[in-house]
Amino acid sequence: MRVAVCVVAAVLAGMPIALAQTPAGPAYRAPRTADGQPDLQGIWQAVNTAVWNIQDHPAELGIPAGQGIVDGNEIPYLPLALAQRQVNYRSRQSADPEGKCFMVGTPRINYMPYPFEIVQTPTQITILYEYVHTSRHLRFSGKHPEGAIQWIMGDSRARWDGDTLVVDVVHFGDQNWFDRSGNYHSADMHLVERWTRTGPDHLSYQATIDDPKVFSRPWTIRMPLYRRVEPNVQLLDYECQAYLEAEKDRR
Amino acid sequence: MRIPLMAAAAAVAVRLVFLTPVVAAQEIPSIPPTKESVCPDNNPVPLLACARERAKTFKAPRTRDGKPDFSGFWGGTQAPHENLEAHPRTPDDNGGPSFIVDPADGKVPMRAWAEVKRRENRAKYIDQNAQCFQSGVPRHLYMGQYQWLQTPTRLVQLSEETNAYRNIILDARPHLGRDLVLWQGDSRGRWEGDALVVVTKNQVGRGWLDQQGRFVTDAATVTERFTMFDPNSILWEITIDDPLVYTRPFTMASALRRNLRADFEIWEESCYEGESNTNSLRNLGYRTYPGFSAKEAQVAKDAFERAAAAGSSK
Amino acid sequence: MTARISAGVAAALAASVLASAVSAHHSLTVEFDINRTVTMSGVITEMKWTNPHAWLYVDVKDEKGQVRNWAIEFGSPNALYRRGWRQTDLPPRNTITVTGYPSLDQSLRISATDVKLPDGRTLFAGSPVGGGQ
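Worth saying up front: this structure is predicted, and the values here are computed from it rather than measured.

The rules behind these values
- Residues numbered from 1 in each chain as written.
- Chains lettered and ligands numbered in written order.
- Predicted model: local features only at pLDDT ≥ 70, side-chain atom pairs only at ≥ 80, totals over all residues.
- Helix = DSSP H or I, 4+ residues; strand = E, 2+ residues; numbered from the N terminus.
- Buried ≥ 20, exposed ≤ 12 C-beta atoms within 10 Å, placed from the backbone.
- Contact = placed C-beta atoms within 7 Å.
- Pairing = 2+ DSSP bridges.
- Axes fitted to C-alpha atoms, helices over the stretch in contact; angles between N-to-C directions.
- Nonpolar A, V, L, I, M, F, W, Y, C, P; charged D, E, K, R; others polar.
- Parallel < 35°, antiparallel > 145°, perpendicular 65-115°, else oblique.
- Core = buried A, V, L, I, M, F, W, Y, C linked by C-beta atoms within 7 Å.
- Arc of directions from axis to C-beta.
- Expected span 1.5 Å × (residues − 1).

Examining the overall build of chain C
- Helices and strands together make up the secondary structure of chain C, namely two helices and five strands.
- Looking at chain C as a whole, 44% of its 133 residues qualify as buried.
- Considering only contacts within chain C whose residues lie at least 6 apart along the sequence, 63% involve residues at least 24 apart.

Next comes the structure, spelled out in structure tokens:
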């Protein structure tokens, strides 16, 4: 088993370019917006269990089994960081930001079990998430503001690489986790996302995480996103904080 | 009449030097650089008449699909969250004229039972903004910095405050079913000439219209009319119709002014994650506002009016 | 903002990022006693630049010589970010003098109206040394 992991790691280490490509298969040409951009608009949702654990995980009471979204299924923690991850895992009932109804950061917001809507204009793509009314603005203009800034969702700057939207994200805080199992990152995380239409109702998402404070090398997650095709589907509410505060007053 | 920004700021500075304490008033965020408006944006009644007149001949810039283009950065001009009615300047309030243009007396036409509840709200409950909950409609657009994104099927009004958004659907689909309620309501927009008319239903009924505790139930219908009347100004008319709470629909008006600051961006303002005021408010005895469904409002109204009738027959 | 800004306007801008500047956040008088101001000096122990308020935590010695940690509430961090200020501009262990409104519930919290560094400069006024917008 260890030999197989080493082989996989060696293969991945030698193929950084291959990881950045869109999924294999005949390239799908997405319809265009009026401005000629590939059209990513619509209401989308992840259908997986990554929110529980981004790696392979068996079922537990109340938790479905899942095949992970991490390339090679390995998260290359530095030794001290791995210890922190175990601490997170043991305290996950109280320490997970999601349990406090906080925004869950990027990339986790993309695989939360709630839909999101992509709205596209020539100057930016805005993603409206149902979960605690989170929003992200992937801007085609401007640069990351300079200096030490900590935002929960990070600052996103976007460009087109052929039909793929490439989004560079920095300016994170250090309070967020990748999942409900305590996988985490530091405020220095640098995330690069790639969004590509792969069919009329499918969008492929991948993200490369680079955080030398926590991980020994960059690593990548990838998953399909599915269009919500019900007629008249629209985003609803998950105003977690309102429910939580009302609960506190009931006690 | 627009006071140039620098003069306004200098006036504020003078006030700071000679009067203390004064900075408790939530300063209306300095209106970003914008050009002089042709209409007075700090007084709703003259604003309404002036803006409607201007709108007759003003031609708004167009989107690709030929509709008036409302996209861009906008700012609120007044502070209706303090009080919808005319109110004086105090250390806590900026003050100003009433936002109500109909009825003409500028008073909110509350039913008697609702006015009692309003005072109770102020005494017992916490304003939804203090807990970082979303504002609802129309309060979401009262004051602050906004970015509006417009496509053929959506007008999204992003607010920096609390990272909130309103997602106005511009196709003709029906409203959500009666059992679904949303904090920012369920909005449908349609074009009437160059004006965008937005009808919002299905609000949660757990928010206040102002810090005086004025409220709506989940049966309220809010109708807004957005009309651009000069290149940097939008007339915003709001009619609130909630027959259980108010004796008649009432209408307010305000202006939204374009933010011309170069390279301005809406940045993340996370609110609830850093919010620590609710606990101190709880220590003072306040609780989260439970709100009113239409059913609850009907019961409260009937009980109040029965008691009033019984009392008056003695 | 450019150097053409007068001192008066700079003071106004400084005031606007203190305490209650979050647009429609909530009524200040519900939480703080705006009829009194208190002034205290102490050493910064921590800063939290999380919305909706930036916070400074300050160790202050009371009349009995006991050191207690006070929380000083400012306005939105984005207002500071936009003027070029960053959390790293003010490392901990600086001594500051704070004036502000005390909390109504007697907790160790102040809504700041004025914060001064030992050399008399007002904290977060204008732009940081070296530029910024």
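On we go.
Describing the overall build of chain B
- What chain B contains, in helices and strands, is five helices and 12 strands.
- Taking all 314 residues of chain B together, 49% fall into the buried category.
- Taking contacts inside chain B between residues at least 6 apart in sequence as the whole, the part at least 24 apart equals 64%.

Focus on the sheet that holds strand S3 (residues 67-73) of chain C
All names here are of chain C.
- The sheet built from five strands closes into a barrel, its strands ordered S1-S2-S3-S5-S4 with mixed pairing. Across the sheet, the mean angle from the axis of one strand to that of its neighbour is 55 degrees, orientation sign disregarded.
- Where strand S1 (residues 38-48) meets strand S2 (residues 55-61), five bridges bridge the pair, whose relative direction is antiparallel. What sits directly across from isoleucine 44, in S2, is valine 58.

Considerations on the interface of chain A and chain C
- Listed per partner, the contact involves five residues of chain A and five residues of chain C.
- In the side of chain A that touches chain C, the residues fall into three nonpolar, two polar and no charged.

Observations concerning the sheet that holds strand S1 (residues 42-46) of chain A
- The strand order around the closed barrel formed by nine strands is S1-S2-S3-S4-S5-S6-S7-S8-S9 (chain A), and the pairing between neighbours is mixed. Across the sheet, the mean angle separating the axes of adjacent strands is 30 degrees when strand polarity is ignored.

So, the packing of helix H3 (residues 112-124) of chain B against helix H5 (residues 294-312) of chain B
Residues and elements named next belong to chain B.
- Relative to each other, H3 and H5 sit at 110 degrees, their axes nearing to 9 Å. Put simply, H3 runs roughly perpendicular to H5. Contacts between H3 and H5 involve Ala112, Trp113, Val116 and Lys117 from the former and Ala300, Lys301, Phe304, Glu305 and Ala308 from the latter.
- Considering only residue class, the contact of H3 with H5 consists of six nonpolar, no polar and three charged.

Description of the nonpolar core
- Ranked by internal contacts, the top residues of the largest apolar core, which has 130 residues, are Leu128(A), Val156(B), Ile234(B), Leu235(B), Trp236(B) and Ala253(B).
- Not counting residues up to four positions away in its chain, the partners in contact with Leu235(B) are Ala51(B), Ala55(B), Thr227(B), Phe229(B), Ala253(B) and Ala255(B).
- Membership of the second largest hydrophobic core comes to six residues, among which are Tyr125(B), Ile126(B), Leu281(B) and Tyr286(B).

Remarks on helix H5 (residues 240-250) of chain A
All names here are of chain A.
- When H5 is considered as a whole, its buried residues turn out to be Gln241, Ala242 and Glu245. Buried positions in H5, seen along its axis, are confined to an arc of 100 degrees and lie on one side of it. Across from the buried face of H5, at angles greater than 90 degrees, the exposed residues are Tyr243, Glu247 and Arg250.

Quick notes on the pairing of strand S5 (residues 154-159) of chain B
All names here are of chain B.
- Burial analysis of S5 places six of its six residues in the buried class, which makes it a mostly covered element.
- Of the strand pairs in this sheet, strand S4 (residues 145-150) and S5 are connected by five bridges, and their pairing is antiparallel. Bridge pairing in S5 places tyrosine 146 opposite serine 159.
- Here S4 folds back onto S5, and the loop between the two strands holds three residues.
- Bridge count between S5 and strand S6 (residues 165-169): five bridges; the pairing is antiparallel. Bridged to valine 156 within S6 is asparagine 167.
- Here S5 folds back onto S6, and the loop between the two strands holds five residues, one of which, threonine 162, carries a positive phi near 60 degrees.

So, the pairing of strand S3 (residues 124-129) of chain A
All names here are of chain A.
- Burial runs high along S3: six of the six residues are buried.
- The side-chain alternation of S3 yields two buried faces, one formed by Gln124, Thr126 and Leu128 and the other by Ile125, Ile127 and Tyr129.
- The sheet contact formed by strand S2 (residues 116-120) and S3 spans five bridges and is antiparallel. Bridging across to S3, phenylalanine 116 finds its partner in tyrosine 129.
- Where S2 hands over to S3, the hairpin turn is made up of three residues, counted between the paired strands.
- Pairing of S3 with strand S4 (residues 135-139) involves five bridges; the strand directions are antiparallel. Within the sheet, the bridge partner assigned to isoleucine 125 lies in S4 and is leucine 138.

What to know about H5(B)
- In this model H5(B) runs 27 Å from its N-terminal to its C-terminal C-alpha over 19 residues, within 8% of the 27 Å that 1.5 Å per residue would give.
- By the criterion of burial, H5(B) is predominantly exposed, with just one of the 19 residues buried.

Some points on the environment of Ser187(B)
Residues and elements named next belong to chain B.
- Here serine 187 lies in strand S7 (residues 186-192).
- Accessibility expressed as a C-beta count within 10 Å gives 23 for serine 187, which makes it buried.
- Along the backbone, serine 187 and valine 222 are 35 residues apart, and their C-alpha atoms lie at a distance of 9.1 Å.
- Excluding anything up to four places from it in sequence, serine 187 contacts Arg166, Ile168, Ile169, Val198 and Thr200.

Some details on the environment of Gly36(A)
Residue and element names in this part refer to chain A.
- Relative to the elements of secondary structure, glycine 36 occurs in the loop between helix H2 (16-19) and S1.
- Accessibility expressed as a C-beta count within 10 Å gives 8 for glycine 36, which makes it exposed.
- Here the alpha-carbon distance between glycine 36 and proline 122, two residues 86 residues apart in the chain, equals 9.1 Å.

As for unusual backbone geometry
- The residue after Thr106(A), namely Pro107(A), is reached through a cis peptide bond having omega 10 degrees.
- Structurally, the position occupied by Pro107(A) is in the loop between helix H4 (92-95) and S2.
- Backbone torsion omega between Asp102(B) and Pro103(B) reads 15 degrees, so that peptide bond is classified as cis.
- With respect to the helices and strands, Pro103(B) occurs in the loop between strand S2 (100-102) and H3.
- Phi angles above zero are rare outside glycine, and Val132(A) is one such case at about 40 degrees.
- Mapping Val132(A) onto the fold places it in the loop between S3 and S4.
- Taking the C-beta count within 10 Å as the criterion, Val132(A) has 25 such neighbours and is therefore assigned buried.
- For His133(A), which is not glycine, the phi dihedral falls at a positive 40 degrees.
- Following the sequence through the fold, His133(A) ends up in the loop between S3 and S4.

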